[in-house]
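Fold and contact review
Residue strings, one per chain:
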Amino acid sequence: MESNWEELENSIEDCKKCKLCTTRTNIVFGCGNKNADIMMIGEGPGADEDKQGNPFVGKAGQLMNKAFEGVGIVRDEIYITNIVKCRPPQNRVPEDDEAKACLNYLRNQVILVNPKIIVLLGSTALKNILGKEYSITASRGKWIEKKGILYMPTWHPAALLRDEDKKIEFWKDLKEVVTRYSEIKNS
Ligand code: URA
Ligand code: SF4
């Protein structure tokens, strides 16, 4: 574990711990407020993210930004990252060995950010953070508390592009996050 951001960022530079290093353009480390109370974790970079080096800048990210605006989340105030930091080819789901290789970076990010709430965006984030036994369909919208952190599993923003019902649920889940956060802050 690295004890500060500079060391952590240096440690991931040129990372070759899994095969995704051979096809990536940029490592997508994460972005936003490094002292955020709310952290969002996605699956892995897509084509736009791989090109630009930042998470959720493509279509799914734009849809997510709209939902943020709608519920009053300021993107710069939260911290956003992914399970794997390099793009899986054809945007396939990261394989277990890839997620496992990359997870130490994410664990270190969580320790340094020290968030109160973590929003898990989709099945890949849910299963790699809380365990394979969790299903996104059964868990979404329900708080799970573990080791002092509140987890809110919800749909991955890319799933919203195809499904209006999921869009409504995603907004509802983000609203719940905002409500719970203001309760925590005022308590
Ligand atoms: N999908 C993700 O899971 N993460 C991104 O950064 C972009 C799309
Ligand atoms: Fe390293 Fe993670 Fe990229 Fe794999 S996905 S090469 S572990 S940074």
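Residues numbered from 1 in each chain as written. Chains lettered and ligands numbered in written order. Predicted model: local features only at pLDDT ≥ 70, side-chain atom pairs only at ≥ 80, totals over all residues. Heavy atoms only, no water.

**Concerning the site of ligand 1**
Put simply, the rule is: A single heavy atom is enough: if one lies within 4 Å of a molecule or strand, its residue is considered near that molecule or strand. Polar contacts, as counted here, are pairs of nitrogen or oxygen atoms within 3.5 Å of one another; within protein the pair requires one atom able to donate a hydrogen and one able to accept it, and residues that are adjacent in sequence qualify only if both atoms are side-chain atoms. Per-residue and other accessible areas were derived by the Shrake-Rupley procedure at a 1.4 Å probe size, with only the shown protein chains allowed to occlude residues. Think of a 1 Å grid over the protein atoms and nothing else: a 1.4 Å probe that fits but is trapped marks a cavity, an open set flanked by protein within 12 Å on at least five of seven lines marks a pocket, and residues with an atom within 4 Å of a point count as lining. Whether a molecule lies in a cavity or pocket depends on its atoms, and more than half of them have to be within 2 Å of the grid points.
In the vicinity of ligand 1, the contacting residues are Gly42, Glu43, Gly44, Glu49, Pro55, Phe56, Asn82 and His156. Between Glu43 and ligand 1, the recorded distance is 2.8 Å, taken from a backbone N or O atom to an oxygen atom. For ligand 1, a nitrogen atom lies 3.0 Å from a polar atom in the backbone of Gly44. Contact with the protein chains removes 92% of the 230 Å² of surface that ligand 1 exposes when unbound. The pocket occupied by ligand 1, as judged from atoms lying within 2 Å of grid points, is the largest pocket.

**Side note on the confidence of the model for the protein chain**
To keep things clear, this is the line we draw: Confidence scores per residue from the predictor, reported as pLDDT, run from 0 to 100. Here a strand is any run of E in DSSP of at least two residues, a helix any run of H or I of at least four, and the numbering for each starts at the N terminus.
Within the protein chain, residue pLDDT values average 98, and 100% of them lie at 70 or more. Looking over the protein chain, one finds the lowest element-wise mean pLDDT in helix H7 (residues 157–160), namely 96, and the highest in strand S4 (residues 117–121), namely 99.

**Digging into the packing of aromatic side chains**
Geometry of an aromatic ring pair is reported as the spacing of the ring centres plus the angle between the planes. Basically, it comes down to this: The pairing test for Phe, Tyr and Trp rings, Trp by its six-membered ring, is centres within 6.5 Å, and the orientation test on the planes gives stacked under 30 degrees, edge-to-face over 60, and tilted for anything in between. Remark: exposure states derive from per-residue accessible area (1.4 Å probe, protein chains only) relative to the maximum for the residue type, with buried under 20%, exposed over 50%, and partly exposed in between.
Summed over all chains, the structure comprises two aromatic pairs. Note on Trp5 and Phe29: the rings are 6.1 Å apart at their centroids and 90 degrees apart in plane angle, and the pair reads as edge-to-face. Placement of the pair is Trp5 in helix H1 (residues 5–12) and Phe29 in the loop between H1 and strand S1 (31–32), with a sequence separation of 24 residues. Judged by relative accessible area, which is 15%, Trp5 ranks as buried. Here Trp5 and Tyr79 contribute two aromatic rings whose centre-to-centre distance is 5.5 Å and whose plane-to-plane angle is 45 degrees, an arrangement assigned as tilted.

**Looking at empty space enclosed by the protein**
Here is the rule: Grid points are joined across faces, edges and corners, and a volume is the space filled by probe spheres set on the points. Ten residues, namely Ala, Val, Leu, Ile, Met, Phe, Trp, Tyr, Cys and Pro, are considered nonpolar, four, namely Asp, Glu, Lys and Arg, are considered charged, and the remaining ones, Gly among them, are considered polar.
Applying the stated criterion across every chain yields a total of one cavity of 30 Å³ or more. Computed from the structure, the largest cavity encloses a volume of approximately 100 Å³. If you go around the largest cavity, you meet 15 residues; those closest to its centre are Cys15, Cys18, Arg24, Cys86 and Cys102. Tallying contributions element by element places helix H4 (residues 96–113) first for the lining of the largest cavity, with four residues. Tallied by class, the residues present in the lining of the largest cavity amount to 11 nonpolar, no polar and four charged.

**What about helix H8 (residues 164–186)?**
Keep this limit in mind: Multiply 1.5 Å by the residue count of a helix minus one, and that product is the helix's expected span. Whether two residues are in contact is decided by their heavy atoms, any of which lying within 4.5 Å being enough.
Over its 23 residues, H8 extends 34 Å from the first C-alpha to the last, a length consistent with the 33 Å expected when each residue adds 1.5 Å. Among the residues of H8, Phe170, Asp173, Leu174, Val177 and Tyr181 are the ones counted as buried. Where the residues of H8 are buried, they touch strand S2 (38–42), helix H3 (59–71), S4, strand S6 (149–154) and H7. For H8, the N-terminal capping position is held by Asp163, with its side-chain oxygen 2.9 Å away from the main-chain nitrogen of Asp165.

**Overview of the sheet that holds S1**
Put simply, the rule reads: When DSSP locates at least two bridges between a pair of strands, those strands are taken to pair. Lines fitted to the C-alpha atoms define the axes, with helices restricted to the stretch that makes contact. Angles between their N-to-C directions range from 0 to 180 degrees.
With respect to topology, six strands assemble into an open sheet ordered S1-S3-S2-S4-S6-S5, the strand pairing being mixed. Each edge of the sheet is formed by a strand with only one pairing partner; in this case those strands are S1 and strand S5 (144–146). Where S5 and S6 come together, three bridges link them in antiparallel fashion. Note that in S6 the partner of Glu145 across the bridge is Leu150. Contacts from helix H5 (residues 123–130) reach S2, S4, S5 and S6 within the one sheet, and its direction differs from that of S4 by about 130 degrees.

**Remarks on the side chain of Asn82**
Within the element layout of this structure, Asn82 appears in strand S3 (residues 79–82). A polar contact of 3.2 Å, which involves the side chain of Asn82, links it to the backbone nitrogen of Glu43. Not counting the four nearest positions on each side in its chain, Asn82 is found in contact with Val28, Ile41, Gly42, Glu43, Gly44, Pro45, Pro55, Phe56 and Leu106.

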